[in-house]
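What follows is each chain in one-letter form.
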Amino acid sequence: MPMLGLLTLALIAGTAPDDPKLPPPSKVKIDFDAQIKPIFQARCLNCHAKGKYKGGLSLETREATLKGGESGPAVEVGKSAESLLVELVAGLDPDRRMPDKGDPLTKEEVGLIRAWVDQGAPWPDSTSFGFRKAPLAPRNPAVPDAPGLENPIDRFIARHQSSQKVPADWSTVPDRVFARRASLDLVGLVPSPEQLDALEKDKRPDRHARFVDSLLADRVDYADHWLTFWNDALRNSYRGTGFIDGGRATITKWLYKSLLDNTPYDKFVHDLISPVPGSEGFAKGIVWRGVVNASQVPPVQAAQNVTQVFLGTNLKCASCHDSFVNHWKLTDSYALASVFAEKPLELHRCDQATGKTSGVGFIYPELGTIDPSAPKAERMKQLADLLIKPEDGRFARTIVNRLWAQLMGRGIVEPLDDMDQAAWDQDLLDWLASDFVAHGHDLKHTLALIASSKAYRLKSQGLADPADRSAFVFRGPLTRRMTAEQFADALSTVTGVWPELSPDMTKVDGRGQGGQVAAARAVIAAEMKPEKGDKPAPEPVEASWIWSHADAAHDPGGRVLFRKVITLDKLPKSARAVATCDNEVVLFVNGKKAGQSLDWNKPLSVDITKSLKIGDNVIAAEATNWPDRKHNKGVNVTGANPAAFIAWVGGFDGGRQVWGVGTDATWLWAEEAKSDWKTRPDSAGWKHAAELPGAGKIYGGQVNLARIVAQGEAILDGPPVRAALAFDDPLMSALGRTSREQVVTHRDPIATTLQALELTNGGTLDNRLKVGGRRWVEEKGTEPEALARRIFLVALGRQPTPAELAVARDLIGPTATPEGVHDLLWAVAMLPEFQLIE
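Residues numbered from 1 in each chain as written. Predicted model: local features only at pLDDT ≥ 70, side-chain atom pairs only at ≥ 80, totals over all residues. Heavy atoms only, no water.

### Notes on the packing of aromatic side chains
The geometry of an aromatic ring pair is captured by two quantities: the separation of the ring centres and the angle between the planes. One pass over the full model with this rule turns up 35 aromatic pairs. Aromatic pair tryptophan 116 and tryptophan 123: ring centres 6.3 Å apart, planes at 55°, arrangement tilted. Judged by its relative accessible area of 10%, tryptophan 123 falls in the buried class. Among the aromatic residues, those joined into a ring-pair cluster are Tyr222, Trp226, Phe229, Trp230, Trp254, Tyr265, Phe268, Phe395 and Phe436. For the cation-ring pair, arginine 410 lies above phenylalanine 472, with the distance from its terminal atom to the ring centre recorded as 4.2 Å. The ring of tyrosine 222 is capped by lysine 444, whose NZ or CZ atom sits 4.5 Å from the centre of that ring. (Phe/Tyr/Trp six-rings, centres within 6.5 Å; stacked < 30°, edge-to-face > 60°. Buried < 20%, exposed > 50% of the residue type's maximum accessible area, 1.4 Å probe, protein only. Lys NZ or Arg CZ within 6 Å of the ring centre and 35° of its normal.)

Below you can see the structure in the form of structure tokens.
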């Protein structure tokens with residue numbers, strides 16, 4: 001007879017209570033945890049706990065055990081001889097003995113189980129064999145006493161180490177090491193030599209806290225750095241999957257402004273879940289193309305992402321079936337997903353429709369309910385309200401645990417996305433969460449508290465060992481590898497070579513991709529503008545609306561080619577072109593496509609500096625007026641099909657306009673032209689354009705070219721572009737920058753072969769170092785020792801040792817060359833001291 005698993009066989013005839021083959025019950029008084037629990041753990045739970053319930057039986061709790069499975073009750077309390085559990089573990093029928101693999105239970109073990117049943121099946125309330133569920137409510141434990149330690153974190157750490165019998169060692173790293181650690185952790189940059197000197201000269205006892213505060217006070221550096229963390233967590237990308245057909249939306253501008261403003265975390269999260277203008281992309285998710293598993297439709301994605309990012313729990317498994325990795329059920333996942341759905345969701349188990357409609361609710365119903373009949377926007381608001389309720393202690397615990405891991409290299413709870421696991425110091429975690437809430441959900445406050453603690457300044461404990469399964473004891477921060485963005489920014493700092501602005505980084509294309517630098521700089525400009533009355537007006541930009549004929553308000557539609565030749569005897573430091581057309585325009589500079597506008601009230605604005613040349617420059621445009629009315633939205637016309645084109649091209653030096661050319665009657669037009677019309681200045685066969693003085697009445701004041709030009713130049717004149725705002729490249733991909741198609745809350749710290757190959761042979765790194773070598777020689781001269789000392793100071797925050805200086809001289813040569821400095825830069829970039837945060 002086949003074995004069907006523990007307690008899965010429905011017995012037709014039970015064993016007689018006085019069966020002589022049944023071992024007698026033990027005569028000892030049973031202690032469940034000491035005598036029964038070890039038997040269950042060793043012999044039963046692999047099949048009957050934590051997502052595995054053979055025959056429908058769970059042995060996770062007393063209640064579940066008494067209830068039994070498909071065969072009925074497993075235990076008859078007080079009657080062990082009549083209990084199915086006892087009969088099968090005793091192996092009275094060899095074909096049905098359980099466990100069905102391995103050695104059978106001994107007579108003594110069966111006797112203990114019989115005695116446990118006969119004595120009432122006692123089971124402590126605190127004992128469960130199921131997945132751990134962390135308490136939800138917040139706690140505010142008292143800060144321990146610890147003489148000589150002021151920061152509450154240090155006091156908790158001192159008590160923790162004492163309880164673990166760890167000898168107290170509060171010796172800290174030198175100030176320069178601390179400064180590098182803090183600067184990379186808080187703003188993502190290596191500290192400047194001037195910052196290091198100032199800290200070393202500061203003898204005040206609170207100098208470390210002051211240094212931390214000075215870092216966090218730089219709003220732009222803070223926003224640039226933490227943008228990487230939140231882009232990963234919120235799946236915010238600048239281009240790629242989902243954008244091509246409108247199945248994804250970027251939140252860059254909203255996110256950058258939130259970081260620049262240090263928006264309170266509860267409001268930050270509320271605005272993501274109950275979206276405000278600009279934040280909609282997170283809840284929208286990614287509309288995958290083609291056939292999609294039911295567990296990856298956008299509402300289910302939203303449920304998975306909200307719980308993972310903000311509550312530190314995994315609903316992915318429970319989005320397909322009852323989870324095998326935690327306690328969540330399929331119905332829990334779908335209830336939360338239904339909050340984000342346009343219509344009721346049908347439950348799908350393993351991608352198969354069940355015919356059942358999901359309910360609507362939060363995974364923690366004790367916090368409140370969500371009205372299933374409310375509109376989607378209202379349901380999302382109700383969810384956001386529940387998530388940030390003061391009673392939801394998990395919300396604050398999750399984010400402070402993430403911040404701790406970012407600075408210390410390991411969370412108080414690990415894994416970071418499984419907050420049901422036990423903390424190595426629950427009181428420390430709960431106190432940090434309580435303090436975070438008490439200070440208005442201020443992320444910078446908690447970061448400053450951690451970074452100014454003495455625990456943060458303890459000696460680094462080396463890189464994490466993924467194979468180490470021993471109980472964790474805090475002895476100091478773990479050594480960490482720089483993220484891809486930190487490494488790229490450190491290289492830029494040392495070489496002076498920052499990412500170049502590309503058109504895609506300064507404007508959003510028709511598919512919603514790109515524009516990340518423009519978004520960030522627009523926020524900076526708005527947040528840091530002078531007081532009213534102090535800001536100079538944009539320099540005038542003169543341009544007229546033009547078309548091929550004067551009666552453009554009643555145009556039949558079609559394509560018109562426009563062209564203007566500009567002669568330059570000197571190239572400007574920067575140059576910009578702006579243009580728009582009712583309905584569409586493609587702009588070219590010397591034959592190269594500069595940009596495109598598909599909507600007249602969204603003019604293109606592009607940097608054309610590299611497209612200009614000494615001599616004649618051809619500015620060309622393909623302007624199209626669509627003949628059907630559906631393309632004329634927003635224009636106040638009746639029975640007309642207006643057409644108009646306007647453009648301006650100008651050069652700048654230090655942000656000051658030095659010349660400008662706008663559309664007017666001197667521009668030429670044609671309906672057709674030779675193939676080289678975009679590059680050839682010949683005007684034969686071309687006609688002069690007609691200016692349209694009445695176009696302003698049609699289009700109003702919505703197209704303000706002066707303002708658009710000023711905004712564009714502000715982008716070019718802004719601070720260097722940090723790696724977080726740059727597009728991915730082979731170097732950053734190899735170093736672990738994510739695709740942002742999935743939520744990532746902690747990057748893999750383990751080095752890979754691909755990373756080693758890219759660092760030793762990659763063209764991206766090599767090219768940057770080559771340019772850096774030229775820059776150092778051009779700007780700092782050819783004296784090898786002076787160059788070596790300065791490079792070490794900028795890169796590592798210290799002077800080279802005599803041995804390092806000797807090697808540096810050999811690499812650079814007696815008179816520095818770009819090639820020699822390139823070799824030294826490469827050698828320094830390969831040092832673990834450069835690549836690690838220690």
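### Looking at the pairing of strand β9 (residues 592–597)
The sheet contact formed by strand β8 (residues 584–589) and β9 spans five bridges and is antiparallel. For leucine 587, the partnering residue across the bridge sits in β9 and is glycine 595. In this structure, the hairpin formed by β8 and β9 is closed by a connection of two residues, where asparagine 590 is found at a positive phi of approximately 50°. (Pairing = 2+ DSSP bridges. Helix = DSSP H or I, 4+ residues; strand = E, 2+ residues; numbered from the N terminus.)

### Considerations on helix α29 (residues 802–812)
In an α-helix, one full turn covers 3.6 residues, which means residues spaced three or four apart are oriented alike. By the burial criterion, the buried members of α29 are Leu805, Ala808 and Ile812. Buried residues of α29 fall within an arc of 60° about the axis and therefore sit on the same side. α29 presents Ala803 and Asp810 as exposed residues on the side facing more than 90 degrees away from its buried surface. Buried residues in α29 make contact with α28 (784–796) and α30 (818–829). One or two positions beyond α29, positive phi appears at glycine 813, with a value near 95°. (Arc of directions from axis to C-beta. Contact = heavy atoms within 4.5 Å.)

### So, the sheet that holds strand β15 (residues 687–688)
On the basis of which strands lie adjacent, the open sheet formed by six strands has the order β9-β8-β11-β6-β14-β15 and antiparallel pairing. The two strands at the open ends of the sheet, each matched to only one other strand, are β9 and β15. Note: β8 against strand β11 (residues 615–625), six bridges, orientation antiparallel. Bridging across to β11, valine 589 finds its partner in isoleucine 619.

### Concerning the nonpolar core
If you look at the biggest cluster of nonpolar residues, it comprises 113 residues, and the most contacted ones within it are Trp230, Leu234, Tyr256, Tyr265, Phe310, Phe362 and Trp404. Looking at this core element by element, the count peaks at nine residues for helix α10 (residues 219–234). With sequence-adjacent residues up to four places away left out, tyrosine 265 is seen in contact with Trp230, Phe310, Phe395, Ile399, Phe436, His441 and Leu443. Among the nonpolar cores identified, the runner-up in size contains 41 residues, and Ala577, Val589, Leu612 and Leu692 belong to it. (Core = buried A, V, L, I, M, F, W, Y, C linked by side-chain atoms within 4.5 Å.)

### Brief notes about unusual backbone geometry
Omega for the peptide link from glutamate 414 to proline 415 comes to -10°, which places this bond in the cis form. Looking at where proline 415 falls in the secondary structure, it is placed in the loop between α17 (393–408) and α18 (426–438). Residue asparagine 583 follows aspartate 582 across a cis peptide bond; omega there is 25°. Structurally, asparagine 583 can be placed in the loop between β7 (574–582) and β8. At arginine 235, a residue that is not glycine, the phi angle is positive and equals roughly 60°. By secondary structure assignment, the location of arginine 235 is in the loop between α10 and α11 (252–261). The class of arginine 235 is buried, set by a relative accessible area of 7%. Despite not being glycine, histidine 441 has its phi angle at roughly 55°, a positive value. Here histidine 441 shows up in the loop between α18 and α19 (443–451).

### Things to note about the state of the cysteines
For the coordinates displayed, the defined rule picks out zero disulfides. With no disulfide of its own, cysteine 47 lies 8.9 Å from the sulfur of cysteine 44, the closest cysteine sulfur. No disulfide involves cysteine 350; its sulfur sits 4.2 Å from that of cysteine 320, the nearest cysteine. (Disulfide = S-S within 2.5 Å.)

### Some words on the confidence of the model for the protein chain
Mean pLDDT over the protein chain: 88, with 90% of residues reaching 70 or higher. Overall, residues 1–17 carries pLDDT values under 50, and its contacts beyond four positions in sequence, including any with other chains, amount to 40 contacts. Contacts from residues 528–537, a stretch scored under 50 in pLDDT, to residues over four places away or in other chains number three contacts. (pLDDT = per-residue confidence, 0-100.)

### With respect to the environment of threonine 446
Looking at the element boundaries, threonine 446 is found in helix α19. Judged by relative accessible area, which is 0%, threonine 446 ranks as buried.

### Focus on the environment of isoleucine 113
The topology assignment puts isoleucine 113 in helix α5 (residues 107–118). Overall, isoleucine 113 belongs to the buried group, its relative accessible area being 1%. In the structure, isoleucine 113 is positioned 454 residues away from threonine 567 in sequence and 97 Å away in space, judged by C-alpha atoms. With residues near it in sequence (within four places) discarded, isoleucine 113 still touches Ile36, Ile39, Leu85, Val86, Val89 and Leu105.

### Comments concerning the pairing of strand β2 (residues 346–349)
Relative to strand β3 (residues 352–357), β2 runs antiparallel, the two sharing three bridges. For histidine 348, the partnering residue across the bridge sits in β3 and is alanine 353.

### A look at α5
Look at α5: 16 Å from first C-alpha to last across 12 residues, which is about the 16 Å you get at 1.5 Å a residue. Close packing links the buried residues of α5 with α1 (32–43) and α4 (84–89). With its phi angle positive at about 100°, glycine 120 sits one or two positions after the end of α5. (Expected span 1.5 Å × (residues − 1).)

### What about the pattern of salt bridges?
Counted according to the given criterion, the structure contains 36 salt bridges. Among the salt bridges present, the one from aspartate 202 reaches arginine 204, with a minimum N-O distance of 3.0 Å. The residue aspartate 420 makes a salt bridge to arginine 394 at a minimum N-O spacing of 2.9 Å. Note that aspartate 420 is positioned in the loop between α17 and α18 and arginine 394 in helix α17, a separation of 26 residues in sequence. (Salt bridge = Lys/Arg side-chain N within 4 Å of Asp/Glu carboxyl O.)

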